[in-house]
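Summary of structural features
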Amino acid sequence: MKEVTTIAGQLGEEYNLTKAEKKKLLILICSVLLFSVMNGTMFMIAVPDIAVSFALLPSQVSWVVTGYIIIYAIGALMYGKLADIYPLKTLLTIGLSLFALGSILGFFSPNYILVVLSRIIQAAGASSIVALVFIVPSRYFPEERGRVLGIVSSTMAFASGIGPVIGGFVAGAIGWKFLFLISACVIVTIPFFRIWMPEEDRKTGKVDFLGALFVAVAVATLILFITTFNWWFIGISIGFFCLFAWRIFTKDDPFINPDLFRNAPYRTTIISGFLAIMTMFGMMIMMPLMLSEVNELNTLFIGLTLFPGAMAAALTGKWAGILTDLRGGKQVVYIAYALMILGFFLLSTFIGSSAWVLSIVIIISYISFPFIQTATASLIASALPRNEMGVGMGIYNLFNFMSGAFGGAVIAKMLDYDSSFLLNPLSVAEGNEMIYSNVFIGLLVLTVLNGFYFHSAFKKQEG
């Protein structure tokens with residue numbers, strides 16, 4: 001309860017929303033978050049169909065996903081910073097308008113260049129949603145922050161699970177372009193945001209656009225390096241990160257205050273959250289590959305196999321939020337790590353089993369996602385002063401996206417190799433199944449080490 005009291009004290013009673021107003025606002029932000037997350041997962045399923053439509057090589061068609069991820073990650077940071085100055089209502093109106101515009105343009109795109117441009121415009125808008133929905137609980141629901149964050153995390157888990165199923169069905173039944181029309185539906189929510197969101201004044205401060213440019217290029221080229229392993233990109237990224245570091249230490253009002261990184265609880269949570277989300281995304285990326293190669297399932301049945309895990313995560317997110325409010329974020333982080341360790345061990349052990357067995361086993365790993373996301377977001381909010389809440393959450397979201405890209409790239413590289421031995425003595429995997437079993441053990445070990453780091457870092461800060 002200490003965390004909730006702290007944040008409530010920072011925010012005061014500035015937004016006296018009624019219970020009915022809070023309920024409407026929560027439904028609204030979860031609705032647009034659903035479309036935002038689904039938009040990413042639906043198109044991952046549709047990439048092969050897009051390649052066929054325009055006769056593209058894999059390296060060419062990958063820009064449908066890569067371009068989206070780059071802008072989405074950068075946008076989450078930018079909108080977070082802007083939220084410290086401008087009203088959330090204004091930022092969401094701009095973001096939702098861009099999201100809808102990109103979706104409509106994508107549906108009518110006659111060539112691949114316009115499809116990629118549409119995806120970039122979509123990302124520029126959709127990133128506002130994921131950036132700002134993590135700020136809304138702390139700003140408008142200070143006494144119920146954990147519960148609301150739990151519902152937000154549940155929505156993300158549900159969207160991640162249902163996205164591939166809907167994407168595979170729509171793309172297979174009526175064509176991949178109709179996925180754009182699904183995302184365009186967000187346009188109907190704009191009037192409700194204008195009516196239901198609280199009025200806010202513009203706050204003091206300004207945006208250091210040169211610093212923003214430096215960090216945007218640095219992040220973009222780092223993601224390009226992660227996805228392509230082209231060493232030119234890492235050199236450019238390091239160069240722009242150095243320029244960004246010079247800028248924030250020499251500018252009076254920098255894009256990111258360097259004191260933010262001296263905040264020990266914030267720094268610890270960012271690092272630990274990065275490693276946790278990296279392992280989770282690694283698992284989520286590896287599962288479809290494993291079900292395709294080992295169990296020989298098609299896209300639709302892969303989605304159906306993963307669906308129960310996503311639904312379980314959606315259902316347990318509310319309880320993750322309630323526990324966070326009652327017990328505090330740190331205790332819930334430990335629960336998440338325990339679930340991850342157990343889940344990775346069981347997945348490693350049951351590699352090669354029937355799809356229905358794996359569908360049950362994967363539930364344990366999936367339900368750890370809302371626990372880790374709710375708890376870390378709550379800890380971040382507790383560690384930040386109000387005037388840095390937006391940019392702090394923006395960095396948190398940026399690190400989450402970076403961890404997903406990094407985890408996917410590392411997992412993909414590891415799966416390129418064969419394995420002649422098993423790290424898990426209880427596993428009955430054989431042949432090409434062995435590498436999957438071993439990678440899950442690797443994720444387990446990384447989670448254990450991350451747990452020790454998280455515990456020792458906070459213990460040191462409290463001591």
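Residues numbered from 1 in each chain as written. Predicted model: local features only at pLDDT ≥ 70, side-chain atom pairs only at ≥ 80, totals over all residues. Heavy atoms only, no water.

As a further point, take the nonpolar core. As a rule of thumb, soluble globular proteins bury nonpolar side chains together. Core analysis: the largest hydrophobic core is formed by 105 residues, its most contacted members being F134, F255 and M393. Here this core takes 15 residues from helix α2 (residues 19-54), the largest share from any one element. Excluding its chain neighbours within four sequence positions, the residues that come into contact with F255 are L77, M78, K81, V207, D208, G211, A212, V215, F244 and V391. Judged by nonpolar contacts, the second largest core, of 52 residues, contains I277, L291, M311 and A375. (Core = buried A, V, L, I, M, F, W, Y, C linked by side-chain atoms within 4.5 Å. Buried < 20%, exposed > 50% of the residue type's maximum accessible area, 1.4 Å probe, protein only. Helix = DSSP H or I, 4+ residues; strand = E, 2+ residues; numbered from the N terminus. Contact = heavy atoms within 4.5 Å.)

In this section: unusual backbone geometry. Unusually for a residue other than glycine, A55 sits at a positive phi of about 55°. Here A55 is to be found in the loop between α2 and α3 (58-61). Of the residues examined, A55 reaches a relative accessible area of 69% and is grouped as exposed.

A word on the confidence of the model for the protein. Counting all residues, the mean pLDDT for the protein is 85, and 96% of those residues have values of 70 or more. Every residue in residues 1-13 is under pLDDT 50, and counting partners more than four places away or in other chains gives 27 contacts. (pLDDT = per-residue confidence, 0-100.)

The next point concerns the environment of M78. Relative to the assigned elements, M78 resides in helix α4 (residues 63-83). Among the residues examined, M78 registers a relative accessible area of 19% and is labelled buried. As a C-alpha pair, M78 and S127 span 49 residues in sequence and 9.0 Å in three-dimensional space. Sequence-distant contacts of M78, that is, excluding residues within four places in its chain, are made with A212, V215, A216 and F255.

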